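Here is how the chains run, residue by residue.
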Amino acid sequence: MIDLNGLKETPHRRLNPLTGDWVLVSPHRVQRPWQGQTERQPEERALRYDPLCYLCPGNQRAGGVRNPSYDSTFVFDNDFGAMRLDVPQIEIHGDTTNLFHAEAEAGICRVVCFSPRHDLTLSNMDVAAIRSVVDVWAAQYLELGAIPEINHVQIFENRGEMMGCSNPHPHGQIWANRTLPNEPRKEQTGLTDYQKRHHSCLLCDYVELERSNGERVVCENEYFVVLVPFWAVWPFEVLLCSRHHVPDISVLDDLAGNALADILKRITTRYDNLFETSFPYTMGFHQQPTDGLSHPEWHLHAHYCPPLLRSATVKKFMVGYELLDAPQRDITPELAAERLRNLSEHHYRNGNHQAGD
């Protein structure tokens, strides 16, 4: 394993082999005082049912449709989806320079309510309830992927006001569209190139290297591992990765489905315990396209990108150099992994918050 001791206090950059992007790491900057913006601490949710929430069972949504009185999970087409299937076949190329290129994009946007209870998050749902969410994700991936116009299915969750989540009810989204979006397209290139060069899977090899070293591993079970990637951009970013070579969530067997529910609860609980707050993040699964082609290069994984940096009210901003040149981070991935690894998996709200496993 590579020795990073010489870089612990030295500005350096790290390569993300999945995307080909670089991140600038500036560990010496963690000593600087903070005089920037702080965020308002979000209020704790106390209502099991909110009569004003458009995602709670039996309530009317903004589009006028009334939710059923669901008692587990609930999926519906987004009333104000960013894409729709019934789009005309239009493509614009402009002139011979192709500087003005646009085309219609077909797709479907759905909302997945994780629970009828308004006051929960994945971190304080039990594993059996989270397993129901995993099953819904798998079923939706298969259902949407079988539609001829759909070649990519993106399952994701935005959690917290800081991530632009407009409703605190536990829910996620699924956007499925005709073309492979930017980030999965870059990952497909990285995975394919690695497989051609090494005749093996990039993430299979990477996970084994990380597990053999352990420095950036946060937690794991028999089927999944959570680690802070060597190339992490966000302060406490993690990669949730299958330990076995599976292409998508739909092929997980019963034991693997339970293991995914278990690891989802464990990492989200650790997040909440880090600053003793309902931790904001964007999480999303990357898995093989649904274009009907063979994709042996794809390996199921999920990215967690949380914005918090120093406390529950201080976030990382992607501005200036980050927007114009390349992302930059102060806290090293190794230190972030150590802090997450040393947190309890008992939720701080239950009165049993202790460091360690």
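Just above, that's the structure.
Every residue gets a number counted from 1 within its own chain, in the order that chain's sequence is written. The model is predicted, so local features are restricted to residues of pLDDT at least 70 and side-chain atom pairs to those at 80 or more, both for listing and for counting; the totals for chains, interfaces and linings are taken over all residues. No hydrogens and no water enter the side-chain calculation; it runs on all heavy atoms of the structure.

Turning our eyes to something else, we now look at the sheet that holds strand β6 (residues 107-113). The antiparallel open sheet is built from 9 strands, whose spatial order is β3-β6-β8-β7-β12-β13-β11-β10-β9. Edge positions in the sheet fall to β3 (74-77) and β9 (217-220), since each of these pairs with one other strand and no more. With strand direction ignored, the average angle separating the axes of adjacent strands in the sheet is 20 degrees. Relative to strand β12 (residues 281-286), strand β7 (residues 152-159) runs antiparallel, the two being bridged by 5 bridges. Pairing of N158 across the sheet is with T282, part of β12. Whether two residues touch is decided by their heavy atoms; if any such pair falls within 4.5 Å, the residues are in contact. Angular values range over 0 to 180 degrees, each being the angle between N-to-C directions of two axes fitted as lines to C-alpha atoms, with helices fitted over their stretch in contact. The way it works is that DSSP assigns letters per residue, a run of H or I at least four long becomes a helix, a run of E at least two long becomes a strand, and they are numbered from the N terminus. Contacts from helix α2 (residues 182-198) reach β7, β12 and β13 (301-305), with the element oriented near 50 degrees to β12. Strands were regarded as paired on the criterion that DSSP finds at least two bridges between them.

Its place among the elements puts Q288 in the loop between β12 and β13. In this scheme, a residue with accessible area under 20% of its type's maximum is buried, one over 50% is exposed, and one in between is partly exposed, where area comes from a 1.4 Å probe on protein chains only. Here Q288 falls in the buried class, since its relative accessible area comes to 16%. Excluding anything up to four places from it in sequence, Q288 contacts Y141, P247, D248, H295 and W298.

A word on unusual backbone geometry. Across the chain, the bulk of peptide bonds are trans and the bulk of non-glycine residues have phi less than zero. A positive phi angle, near 55 degrees, is found at H199, a position not held by glycine. With respect to the helices, strands and loops of the structure, H199 is situated in the loop between α2 and α3 (202-213). Phi at E276 takes a positive value of approximately 50 degrees, unusual for a residue other than glycine. Among the structural elements, E276 can be located in the loop between α4 (254-275) and β12.

Glancing now at the sheet that holds strand β2 (residues 22-25). The strand order β1-β2-β16 describes an open sheet built from 3 strands, whose pairing is mixed. Unpaired on one side and paired on the other, β1 (12-15) and β16 (328-329) mark the two borders of the sheet. By the bridge criterion, 4 bridges tie β1 to β2 in an arrangement that is antiparallel. In the sheet register, R14 faces β2, and the bridge partner there is V23.

Taking 1.5 Å of rise per residue, the 22 residues of α4 would be expected to cover 32 Å, and the 34 Å separating its terminal C-alpha atoms lies within 8% of that figure. With respect to burial, α4 is a largely interior element, 17 of its 22 residues being buried. The definition of a polar contact used here is a pair of N or O atoms within 3.5 Å, where within protein one atom must be able to donate a hydrogen and the other to accept one, and adjacent residues in sequence count solely through side-chain atom pairs. The N-cap residue of α4 is D253: its side-chain oxygen and the backbone nitrogen of L255 are 3.3 Å apart. Of the residues one or two after α4, E276 is the one with positive phi, at around 50 degrees. To estimate how far a helix should extend, the number of its residues minus one is multiplied by 1.5 Å.

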